[in-house]
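Given next are the chains, with one letter for each unit.
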Amino acid sequence: MTVGRGLQESRYLLAIPFFSLFVFIVTANSVLIYTVRVEASLHSPMYLLIALLFAVNICGTSTILPKMLLSFMFSASHISLTGCLVQMFFLYFTTVLDCNILLMMALDRYVAICHPLRYANIVTNRLLMFLTFASLVRSLSIVGPVVILASRVRFCRSNVISHFVCEHMALMRLSCSDISINRKVGMAMRCVDMIVDLSFLLASYSKIIHTALKISSGNVRHRAFHTCGTHLIVIFIGYSSRLSSSIVFRVAKSASEDVHNLISAIYLLFPWAVHPIIYGMRTKEIKDNLLKRFRKKWPPRGQRL
């Protein structure tokens, strides 16, 4: 199979910005993971969940960009069916796991703001490990059936996927057998992601905001709104990006293959690039510790001996 053969003439030029994006995503997320790991003051559940989100960002980027860069630089756009299915699995697995971490963050903030006196007893490291394991199992149970059903489809129309990555419906368009069950399962996965999870997130943060408005201390209320505002920005970017990518691929029939690929790539990669920026700039504790480490390693010229 061949993935995304468009953009032949400018593929070498496209390698530069996408390689830069890959380096930025991996570096920025890795730096913040390291900051959370080495700073004891950041070993609370909220920051550990943020670090877990950064790790998923790196995994998701590594699923897409290396193969994409090889295609740009060496015209290595061929991939086996097995390789395509593996890429599809990890693409969707990291996407669903990303959503599951946002759900865990919502639960953490709900307990912290709505039940602050019981927070330390409820949100323990043991609960965090259990929720992380449950998130992995849930992601596997959602994505697994989609990939298994895709592996059983008979392909005979073409060996060219008109997409930059092995996306489910892009692969299904090459089939010559009945794929109605694949469409239904794929739609069910989208519904769980876009409706069930998003509804839970909105309900949780509505309750959090309602509780925060009743806090008498202005400083505590401001911190609660600031923290929840950061999470809501990440949620909005993540879900709007996935929805936009899906709409572009399914609705914009008149757009060229190259336009589809570029827009989809930007929509998928954009959240993983902005997550470290948002949390690094808006989360005071992470920002302060990060700046402290930079100043320690590269002190101002006037302070150097």
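Residues numbered from 1 in each chain as written. Predicted model: local features only at pLDDT ≥ 70, side-chain atom pairs only at ≥ 80, totals over all residues. Heavy atoms only, no water.

## Things to note about the packing of helix α3 (residues 81-114) against helix α7 (residues 180-212)
A pair of packed helices is captured by two measures, namely the crossing angle of their axes and the spacing between those axes. Their axes nearest at 9 Å, the elements α3 and α7 cross at an angle of 20°. The orientation of α3 relative to α7 falls into the category roughly parallel. At the point where α3 passes α7, the crossing takes the left-handed sense. Side by side, α3 and α7 meet where Y92, C99, N100, L102, L103, M105, A106, R109, Y110, I113 and C114 of the first sit next to M189, D193, D197, F200, L201, S204, Y205, K207, I208, T211 and A212 of the second. The residue makeup of the contact of α3 with α7, split by class, is 15 nonpolar, three polar and four charged. (Axes fitted to C-alpha atoms, helices over the stretch in contact; angles between N-to-C directions. Helix = DSSP H or I, 4+ residues; strand = E, 2+ residues; numbered from the N terminus. Parallel < 35°, antiparallel > 145°, perpendicular 65-115°, else oblique. Left-handed = near helix turned anticlockwise from the far one by under 90°. Contact = heavy atoms within 4.5 Å. Nonpolar A, V, L, I, M, F, W, Y, C, P; charged D, E, K, R; others polar.)

## Quick look at the layout of surface pockets
In this structure, the largest pocket encloses a volume near 520 Å³. Lining the largest pocket are 22 residues, with R109, R223, A224, T227 and E285 sitting closest to its centre. Breaking the lining of the largest pocket down by element, the ones donating at least two residues are α2 (45-74), α3, α8 (218-251), α9 (257-282) and α10 (284-297). The residue inventory of the lining of the largest pocket, partitioned by class, reads 10 nonpolar, seven polar and five charged. (1 Å grid on protein atoms, 1.4 Å probe; cavity = no way out; pocket = protein on both sides within 12 Å on 5 of 7 lines; lining within 4 Å. Points joined across faces, edges and corners; volume = space filled by probe spheres on them.)

## Regarding α3
Here α3 spans 49 Å end to end across 34 residues, near enough to the 50 Å set by a 1.5 Å rise per residue. In terms of burial, α3 is a largely internal element, 27 of the 34 residues being buried. (Expected span 1.5 Å × (residues − 1). Buried < 20%, exposed > 50% of the residue type's maximum accessible area, 1.4 Å probe, protein only.)

## Notes on the pattern of salt bridges
With the rule as written, the count across this model stands at five salt bridges. With its nearest N and O atoms 2.7 Å apart, the salt bridge here joins D197 to R138. Taken together, the positions of D197 in helix α7 and R138 in helix α5 (residues 125-151) put the pair 59 residues apart, joining distant regions of the chain. On the basis of relative accessibility, which here comes to 3%, the residue D197 falls in the buried class. Take R138: its relative accessible area is 26%, and that puts it in the partly exposed class. Between E285 and R223 there is a salt bridge, with its nearest N and O atoms 3.8 Å apart. Here E285 is found in helix α10, whereas its partner R223 is found in helix α8, with 62 residues between them in sequence. For E285, a relative accessible area of 28% puts it in the partly exposed group. (Salt bridge = Lys/Arg side-chain N within 4 Å of Asp/Glu carboxyl O.)

## A word on α2
Its 30 residues give α2 an end-to-end C-alpha distance of 43 Å, which sits within 8% of 44 Å, the value for a rise of 1.5 Å per residue. In α2, a bend of some 35° at S62 exceeds every other bend along the element, and P66, a proline, comes one to four places later. (Bend = angle between axes of the 7 residues up to and from the residue.)

## A closer look at the packing of aromatic side chains
Per the counting criterion, the structure on display carries three aromatic pairs. Note on F89 and F90: the rings are 5.2 Å apart at their centroids and 80° apart in plane angle, and the pair reads as edge-to-face. Ring centres of F89 and F93 lie 5.4 Å apart, and the angle between their planes is 20°; on these two criteria the pair is classed as stacked. Taken as a pair, F89 and F93 lie in helix α3 at a separation of four residues, close to a single helical turn. Here F93 falls in the buried class, since its relative accessible area comes to 14%. (Phe/Tyr/Trp six-rings, centres within 6.5 Å; stacked < 30°, edge-to-face > 60°.)

## Points about the state of the cysteines
On inspection of all chains with the given rule, the structure shows one disulfide. A sulfur-sulfur distance of 2.1 Å marks the disulfide that ties C84 to C166. The sign of the S-S torsion, about -125°, decides the handedness of the disulfide formed by C84 and C166: left-handed. Highlighted residues: C84 in helix α3 and C166 in the loop between β2 (160-161) and α6 (168-172), separated in sequence by 82 residues. Judged by relative accessible area, which is 0%, C84 ranks as buried. Given the relative accessible area of 0%, C166 is considered buried. For C228, which is in no disulfide, the shortest distance to another cysteine sulfur is to C114 and amounts to 8.7 Å. The exposure class assigned to C228 is buried, which follows from its relative accessible area of 3%. (Disulfide = S-S within 2.5 Å.)

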